[in-house]
Amino acid sequence: MSQTLSTVNLIQNILRWKQSRVHLFKRLDTLERENERVRSKLTTLQHEKDQAERQADERRREKESLRVKLANQKKAAEATERVVEQLNAKITELRDEIDRQNRTHRKK
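Here goes a summary of the coordinates provided. By convention here, each chain's residues receive numbers from 1 onward along its written sequence. Local features in this predicted model are restricted to residues whose pLDDT is 70 or higher, and side-chain atom pairs enter the listing and the counts only when it is 80 or higher, whereas totals over whole chains, interfaces and linings include all residues. Side-chain measures here rest on the full set of heavy atoms in the structure, leaving out hydrogens and waters.

**A word on the overall build of the protein**
Piece 1. Helix numbers and strand numbers start at the N terminus; a helix is a DSSP run of H or I with at least 4 residues, a strand a run of E with at least 2. Within the protein one finds one helix and zero strands.
Piece 2. For the radius of gyration, the atoms used are the C-alpha atoms, and the globule rule reads 2.2 Å times the number of residues raised to 0.38. A compact globule built from 108 residues would reach a C-alpha radius of gyration of about 13 Å, whereas the protein, at 46 Å, exceeds it by more than 25%.
Piece 3. For the protein, the spread of C-alpha atoms along the three principal axes comes to 155 × 10 × 10 Å.

This is the structure in structure tokens:
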């Protein structure tokens, strides 16, 4: 009888071990799938991060290009303004000269 109980206990232990093993394999499989999902998500996020960094770099380059363009336009506008001032001064000078000539011409 003792041997029968021992055999029954042994069989029960083996069955519990098998069930535990099956449960652990299922859990391992679940964890592996979850791990793969997380890795996939990580890869996607890394790709999105890289893309965002490239876009940010491109925006920085565009912004710098616009700054340079604006500075050049400002310099060109200042140069144009100086030319306009010089031309206005020359026009005023020529008008004064014409007025003087007209006055001297009328006197004669």
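**Here's the deal with the pattern of salt bridges**
Piece 1. Think of a salt bridge as a Lys or Arg side-chain nitrogen and an Asp or Glu carboxyl oxygen that are within 4 Å of each other. This model, assessed by the stated rule, comprises seven salt bridges.
Piece 2. One salt bridge in this structure joins R33 and D29, with 2.3 Å as the shortest N-O distance. Of this pair, R33 and D29 both sit in helix α1 (residues 2–107), four residues apart, roughly one helical turn.
Piece 3. When the shortest N-O distance is used, the salt bridge between D57 and R60 registers 2.3 Å. Of this pair, D57 and R60 both sit in helix α1, three residues apart, which is roughly one turn of the helix.
Piece 4. Taking the relative accessible area as the measure of exposure, R60 reaches 51% and is therefore exposed. Buried, partly exposed and exposed residues are distinguished by accessible area as a fraction of the type maximum, computed with a 1.4 Å probe on protein chains only: under 20%, between the cut-offs, and over 50%, respectively.

**Section: a nonpolar patch on the surface**
Piece 1. Residues V83, L87 and I91 make up a contiguous nonpolar surface patch of about 250 Å² in total accessible area.
Piece 2. Structurally, I91 is set in helix α1. By definition, no residue in a patch forms a salt bridge, and every one has over 30% relative accessible area; like charges are joined within 9 Å, nonpolar side chains (Val, Leu, Ile, Met, Phe, Trp, Tyr) within 5 Å. Using a 1.4 Å probe, the Shrake-Rupley method yields the accessible areas, and only the shown protein chains count as cover for residues.

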